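Letter by letter, the chains look like this.
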Amino acid sequence: MGQAQLFIVYLDGPGGDGVWDLGKDYLRISTGEGAVDTALLAAADVAAADAVTASRNALFAPIGIDTVIPQDGKVDLIYAGDLYGNLWRFDLTSSGSWSSPAKPLFKGDKTRPITAIPAVGVAPASVTDLAPIRTGALAKTHPVMVFFGSGRLLADADKAASIVNRFYGVYDDGTKLDLTEADLTVQESVYSTANGRVYKNDLEVGYTRSAGATKRGWYIELPDDGERVIDRALVKGELVYFNTILPDTSTCDAGGKGWENVVQMSNGGSAKGAQWDVNQNGSLDAGDTHAGLSFAGRKTAKGQPGAPQIIGNQLFSPLTDKIRSSVTAGPRDHFQNTRIAFTSGTSGRISWTELQLRDD
Ligand SMILES: [Ca+2]
Ligand SMILES: [Ca+2]
Ligand SMILES: [Ca+2]
């Protein structure tokens, strides 16, 4: 109780004895972050436990990826965020063991908890061409970029929080952990309106082959009051799609609004040319750009958006409110769908979701 921990439960259950045995039927990997109050454990007093929320930590939904080349369908790395604002990296490659200690890829701030599942994509050539050349065992793994945002919406009191949250893109080639915001470059706004945002297309993150002051990624400051990330991002081609929410601060209203965002993997900036039909006129045209750059953000007309999804050349964002879902007249529904520039070829996403039973 109190620490952020990863539980791994075997699919074949507790075994013939009917008892869940640690180390045999399930594993528990602690991050060591968060207070353990033994008196509270003994008392098992829920009210008292609630009184020490300041020191409690928790790990949120993990994502496992198959990153060693050749990929074998088995997870090698797991990433997950915690209430303290850290993004943990559980490395299973070196020891081949599930008991490897966790290390933070990124050490954040307690005011900016990471509660949404991270998204991971193979780092694009525009990053790896600049980053240090890897040798030995590291050269046999995919260098990746991990995408995650900060923010929580776990209790009613969270709605009113006015922290300036972030969305992060962090390069992970296995060589450098314990990163902080000082290791990242902040993205810059070049144009914004009440409903649209454009970010710097050619922001120099500072990836470099030379040792020393190299940067390892970027972040975007989410400028609206109460804006936050509580759902996973999506990697497609060299773009990252993520949605943010602006909760309605009245406790009995699930309305609110939010932003849909489409940015470059490499630096969090706007891509060149129309990437999505921001003005919903059915075509990708100049109205979806500003000074030749794709809008990076679009505010929802109504409702908070959930996790984005892409089917074919359509981007779907679930909404907490009903809108007309497309450019054509039709019934109102709980989602927005938007045409995107079609990207054929391989996706950058290498998440692993297949589950298999043990043979023994
Ligand atoms: Ca057992
Ligand atoms: Ca593997
Ligand atoms: Ca358009």
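Residues numbered from 1 in each chain as written. Chains lettered and ligands numbered in written order. Predicted model: local features only at pLDDT ≥ 70, side-chain atom pairs only at ≥ 80, totals over all residues.

### Quick look at the overall build of the protein
If you tally the helices and strands in the protein, you get three helices and 22 strands. Buried residues in the protein amount to 39% of all 360 residues. Sequence separation of 24 or more characterises 62% of the internal contacts of the protein that already satisfy a separation of 6 or more. (Helix = DSSP H or I, 4+ residues; strand = E, 2+ residues; numbered from the N terminus. Buried ≥ 20, exposed ≤ 12 C-beta atoms within 10 Å, placed from the backbone. Contact = placed C-beta atoms within 7 Å.)

### Some thoughts on unusual backbone geometry
That bond from Ile69 to Pro70 is cis: its omega, 0°, falls within 30 degrees of zero. The phi angle at Ala291 is positive, at roughly 50°, despite the residue not being glycine.

### Considerations on the pairing of strand β7 (residues 119-122)
The side-chain alternation of β7 yields two buried faces, one formed by Ala119 and Gly121 and the other by Val120 and Val122. As defined by bridge partners, β7 adjoins strand β8 (residues 144-149) across four bridges and the pair is classed as antiparallel. Looking at β8, one finds that Val120 is bridged to Val146. (Pairing = 2+ DSSP bridges.)

### A closer look at the sheet that holds strand β22 (residues 332-339)
With respect to topology, three strands assemble into an open sheet ordered β20-β21-β22, the strand pairing being antiparallel. The sheet is open, and its two borders are formed by β20 (309-311) and β22, each paired with just one other strand. Averaged over all adjacent pairs, the angle separating strand axes in this sheet is 40°, with direction ignored. Relative to strand β21 (residues 314-324), β20 is paired through three bridges, and the arrangement is antiparallel. Along β21, the bridge assignment pairs Ile311 with Gln314. (Axes fitted to C-alpha atoms, helices over the stretch in contact; angles between N-to-C directions.)

### What to know about the nonpolar core
Ranked by size, the top nonpolar core spans 64 residues in total, and within it Tyr79, Met145, Val146, Phe147, Val170 and Val240 carry the most contacts. Among the elements that take part in this core, strand β15 (residues 239-246) stands out by supplying six residues, more than any other. In this view, Met145 contacts Gly121, Ala123, Val127, Gly169, Val170, Tyr171 and Met265; residues no more than four positions away in its chain are not counted. (Core = buried A, V, L, I, M, F, W, Y, C linked by C-beta atoms within 7 Å.)

### Overview of the environment of Tyr171
Residue placement: Tyr171 occurs in strand β9 (residues 166-172). Exposure remark for Tyr171: the 28 C-beta atoms within 10 Å place this residue in the buried category. Along the backbone, Tyr171 and Val120 are 51 residues apart, and their C-alpha atoms lie at a distance of 9.9 Å. Tyr171 has contacts with Ala123, Val127, Ala131, Pro143, Met145, Tyr207, Arg216 and Gly217, leaving out every residue within four places of it along the chain.

### What about the sheet that holds strand β6 (residues 102-106)?
Spatially, β3-β4-β5-β6 is the arrangement adopted by the four strands of the open sheet, whose pairing is antiparallel. For this open sheet the edge positions go to β3 (63-65) and β6, each flanked by a neighbour on one side alone. Averaged over all pairs of adjacent strands, the angle between strand axes in this sheet comes to 30°, irrespective of strand direction. Both β3 and strand β4 (residues 77-81) contribute to a ladder of three bridges, which runs antiparallel. Note that in β4 the partner of Ile63 across the bridge is Tyr79.

### A look at the confidence of the model for the protein
Taken as a whole, the protein shows an average pLDDT of 88; of its residues, 85% reach a score of 70 or greater. Below a pLDDT of 50 lies the segment residues 348-358, which in the model reaches 31 contacts outside its immediate sequence neighbourhood of four places, other chains included. (pLDDT = per-residue confidence, 0-100.)

### Quick word on the pairing of β15
Of all the eight residues making up β15, eight are buried; the element is thus mostly covered by neighbouring parts of the structure. Across the two faces of β15 the burial is the same, with Leu239, Tyr241, Asn243 and Ile245 and Val240, Phe242, Thr244 and Leu246 all buried. Sheet analysis places strand β14 (residues 234-236) next to β15, joined by three bridges and oriented antiparallel. Of the residues in β15, the one forming a bridge with Leu234 is Tyr241. The turn joining β14 and β15, which pair antiparallel and follow one another in sequence, is formed by two residues; a positive phi near 60° is taken by Gly237. Where β15 meets strand β16 (residues 257-264), eight bridges bridge the pair, whose relative direction is antiparallel.

### What to know about the environment of Leu87
Locating Leu87 in the fold gives a position in strand β5 (residues 87-91). Remark: the alpha-carbon pair of Leu87 and Pro104, spanning 17 residues in sequence, is separated by 5.6 Å. Once you skip the residues sitting within four places of it in the chain, Leu87 turns out to touch Tyr79, Gly81, Pro104, Leu105, Phe106, Ile114, Pro118, Val146 and Phe148.

### Remarks on the environment of Leu77
With respect to the helices and strands, Leu77 occurs in strand β4. Classification of Leu77 as buried rests on a count of 25 C-beta atoms within 10 Å. A C-alpha to C-alpha distance of 4.9 Å links Leu77 and Asp91, two positions 14 residues apart in sequence. When neighbours within four sequence positions are excluded, Leu77 is seen to be in contact with Ile65, Thr67, Arg89, Phe90, Asp91 and Leu92.

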